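This is what each chain is made of:
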Number of protein chains: 2
Amino acid sequence: MMDLYETFITVVESSSLSEASRKLHTSQPNVTLRIQKLEKDLDIVLFDREGKKLILNPSGSKLYEQAKN
Amino acid sequence: MMDLYETFITVVESSSLSEASRKLHTSQPNVTLRIQKLEKDLDIVLFDREGKKLILNPSGSKLYEQAKN
DNA sequence: TTGTTTTACGCGGTGCGTAATGATC
DNA sequence: GATCATTACGCACCGCGTAAAACAA
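Residues numbered from 1 in each chain as written. Chains lettered and ligands numbered in written order. Predicted model: local features only at pLDDT ≥ 70, side-chain atom pairs only at ≥ 80, totals over all residues. Heavy atoms only, no water.

1. Quick word on the side chain of Thr26(B)
Residue and element names in this part refer to chain B.
So, point 1. With respect to the secondary-structure elements, Thr26 resides in the loop between α2 (17-23) and α3 (28-42).
So, point 2. A polar side-chain atom of Thr26 sits 3.1 Å from a polar atom in the side chain of Asn30.
So, point 3. In contact with Thr26, other than residues within four places in its own chain, are Ser21, Val31 and Arg34. (Helix = DSSP H or I, 4+ residues; strand = E, 2+ residues; numbered from the N terminus. Polar contact = N/O pair within 3.5 Å; in protein donor to acceptor, adjacent residues only side chain to side chain. Contact = heavy atoms within 4.5 Å.)

Here it is as structure tokens:
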């Protein structure tokens, strides 16, 4: 499968899932599913959903610091 | 998928696919399929089939030397 | 209405076990 | 016949894309 961490990093560094999906050359739904899968695999919520915005929460921020290296 | 190299090493170190399948806690057909897949992935024949015996050939031997570490 | 995220659905690929077949002893 | 390897078959799982739905601006 496509690497979930790469997807996560790309999402964090994008302004939307749409933009991330373009960078990752995949569909928007897939990005949603990958993030959901990552959260489920780790059993950690990484983003808070506020409206249509995904806001990285402290857990997500911590993971991002680790994952980007 | 189960690691193909682990399967390969186990087969090499066993006297038969049956024995290997027992060590690997899987079925005989699966071991056959994994070896076939490894050979196909690498595009290298690893064993010569003589009767019901699988005999490691030079290519297989070389791979085994690399893989066992 | 437009742009976004999410869910629903179906498809193709993959690895598995069981069963059947083939082949050797 | 017994024992082994291989092939056939069906099943479950997974990741995908498209389509539909849900939701916010």
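Now, onward.
2. A few points about the protein's contact with DNA strand C
So, point 1. As a structural note, the neighbourhood of DNA strand C is formed by 19 residues, with Leu17(A), Gln36(A), Thr26(B), Asn30(B) and Arg34(B) the closest of them.
So, point 2. A share of 81% of the atoms of DNA strand C within 4 Å of the protein falls on sugar and phosphate groups.
So, point 3. In the environment of DNA strand C, a phosphate oxygen lies 2.6 Å from a nitrogen or oxygen atom belonging to the backbone of Leu17(A).
So, point 4. Take Ser27(B): an N or O atom from its side chain is 3.2 Å from a phosphate oxygen of DNA strand C.
So, point 5. Elements represented by at least two residues in the surface near DNA strand C include exactly α2 (17-23) and α3 (28-42) of chain A together with α3 of chain B.
So, point 6. The biggest single contributor to the surface near DNA strand C is α3(B), with 4 residues. (Near = heavy atom within 4 Å.)

3. Some details on helix α4 (residues 58-67) of chain B
Residues and elements named next belong to chain B.
So, point 1. The set of residues buried in α4 consists of Gly60, Leu63, Tyr64 and Ala67. Each buried residue of α4 sits inside an arc of 105° when the element is viewed along its axis, so together they form one side. Turned more than 90 degrees off the buried face of α4, the exposed positions are Pro58, Lys62 and Gln66.
So, point 2. Tucked into the core, α4 has its buried residues touching α1 (4-12), α3 and β2 (53-56).
So, point 3. The residue sitting at the N-terminus of α4 and contributing the capping side-chain oxygen is Asn57; that oxygen lies 3.0 Å from the backbone nitrogen of Ser59. (Buried < 20%, exposed > 50% of the residue type's maximum accessible area, 1.4 Å probe, protein only. Arc of directions from axis to C-beta.)

4. Overview of the packing of helix α1 (residues 4-12) of chain A against α3(A)
The relative placement of two packed helices comes down to the angle between their axes together with the axis-to-axis distance.
Residues and elements named next belong to chain A.
So, point 1. Taken N-terminus to C-terminus, the directions of α1 and α3 make an angle of 115°; their axes are 9 Å apart at the nearest point. One element, α1, and the other, α3, form an angle in the roughly perpendicular class. Crossing hand, α1 versus α3: left-handed. Note on element contacts: α3 touches α1 through Val31, Arg34, Ile35, Lys37, Leu38, Asp41 and Leu42, opposite Leu4, Tyr5, Thr7, Phe8 and Val11.
So, point 2. Among the residues making up the contact of α1 with α3, the classes are represented as 8 nonpolar, 1 polar and 3 charged. (Axes fitted to C-alpha atoms, helices over the stretch in contact; angles between N-to-C directions. Parallel < 35°, antiparallel > 145°, perpendicular 65-115°, else oblique. Left-handed = near helix turned anticlockwise from the far one by under 90°. Nonpolar A, V, L, I, M, F, W, Y, C, P; charged D, E, K, R; others polar.)

5. Section: the packing of aromatic side chains
Residues and elements named next belong to chain A.
So, point 1. Under the counting rule described, the total for this entry stands at 2 aromatic pairs over all chains.
So, point 2. Between the aromatic rings of Phe8 and Phe47, the centroid separation amounts to 5.9 Å while the plane-to-plane angle is 65°, which identifies the pairing as edge-to-face. You can see Phe8 sitting in helix α1 and its partner Phe47 sitting in strand β1 (residues 47-50), a full 39 residues away along the chain. In this pair, the class of Phe8 matches that of Phe47, namely buried. (Phe/Tyr/Trp six-rings, centres within 6.5 Å; stacked < 30°, edge-to-face > 60°.)

6. Here's the deal with the nonpolar core
Residues and elements named next belong to chain B.
So, point 1. With 15 residues, the main nonpolar core has Phe8, Val11, Val31, Ile35, Leu38, Leu46 and Phe47 as its most contacted residues.
So, point 2. Those elements that place two or more of their residues in this core are α1, α2, α3 and α4.
So, point 3. For this core, the element with the most residues is α1, which contributes 4 residues.
So, point 4. Apart from the residues within four sequence positions on either side, Leu46 is in contact with Phe8, Leu38, Glu39, Ile55, Leu56, Asn57, Ser59, Gly60 and Leu63. (Core = buried A, V, L, I, M, F, W, Y, C linked by side-chain atoms within 4.5 Å.)

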